[in-house]
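Remarks on the overall topology
Chain residues, written in single-letter form:
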Amino acid sequence: YKVIPQITNFGRTDFPDVTLSQLEAAQAVGLDTSEGYIWVYWDERYDEVIARLESVDWPFARIWLDVEETHDTPSISECAAILEQRIAAIRERGMEVGIYTGEWFWRGYLQNLVGFQHLPLWSANDQDNFGGWTKAVMYQLGPDHEWSRRGWESFSLNEEPKEEMDREEVVA
């Protein structure tokens, strides 16, 4: 099991401390804490992104870019440039990068933009055939999601799955 915390919370100054305490607690019970995610704000300055990446002192191996911001979405080419800038900033700090998004956003707001399918996809729902991706590495689903679409049994996050899944279960 994994815990993938958000590295910012809309400007709350105490959040890095909260994130750190949550990571320590999760690690103490044996959960994988090697990944985090940051929300992509289209109007955020580069130095603000760097400050967010450096706000939590934790050895993350991967940072997921949460791409779902519907407010003031710029042109597709500007979105692509912003994503490339965020990817470079993360890689410059020695971390891997993945994309967290939903099919509804990527098709609707980014017009099914391709060019990022070389990065792993964490799907915000059970869709994974968009933007050049053909398979997500993880899915975020609610506790009562009907898994039958993929041939899996339904389960609650409070229970063990009845069948072994071929994806990682994520608690975010």
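The structure under discussion appears in the preceding block.
In this report, we go over the structure that sits alongside the text. Residues take numbers from 1 onward in each chain, read along the sequence in its written order. This being a predicted model, a pLDDT of at least 70 is required before a residue's local features are given, and a value of 80 or more before pairs of side-chain atoms are given or counted; all residues contribute to the totals for chains, interfaces and linings. Side-chain descriptors were evaluated using all non-hydrogen atoms of the structure, hydrogens and water having been removed beforehand.

1. Description of the overall build of the protein
The condition is simple: Counting from the N terminus, the helices are DSSP H or I runs at least four residues long and the strands are E runs at least two residues long. Any residue under 20% of the maximum accessible area for its type is buried, any over 50% is exposed, and the rest in between are partly exposed; the area is computed with a 1.4 Å probe on protein chains only. Contacts are assigned to residue pairs that have any heavy atoms within 4.5 Å of one another. Accessible surface is estimated by sampling points in the Shrake-Rupley manner with a 1.4 Å probe; for residues, cover comes only from the protein chains shown.
Helix and strand content of the protein: four helices and seven strands. Its helices and strands in sequence order give the protein the pattern β-α-β-α-β-α-β-α-β-β-β, from N to C terminus. Buried residues in the protein amount to 46% of all 172 residues. Taking all contacts inside the protein whose residues are at least 6 apart in sequence as the whole, residues at least 24 apart take part in 61%. As displayed, the protein offers around 8900 Å² of accessible surface, 48% of which is attributable to carbon and sulfur atoms.

2. Section: the sheet that holds strand β5 (residues 121-123)
Applicable threshold: When DSSP finds at least two bridges between two strands, those strands are taken to pair. Angular values range over 0 to 180 degrees, each being the angle between N-to-C directions of two axes fitted as lines to C-alpha atoms, with helices fitted over their stretch in contact.
As summarised here, the arrangement of the five strands in space is β2-β3-β4-β5-β6, forming an open sheet in which the pairing is parallel. With one partner strand each, in any of the chains shown, β2 (35-39) and β6 (138-139) form the two edges of the open sheet. As paired elements, strand β4 (residues 96-101) and β5 share three bridges and run parallel to each other. Within β5, the position partnered with Ile-99 by the bridge is Leu-121. Each of β3 (62-66) and β4 is contacted by helix α3 (residues 76-92), which is oriented at about 165° to β3, the strand it contacts most.

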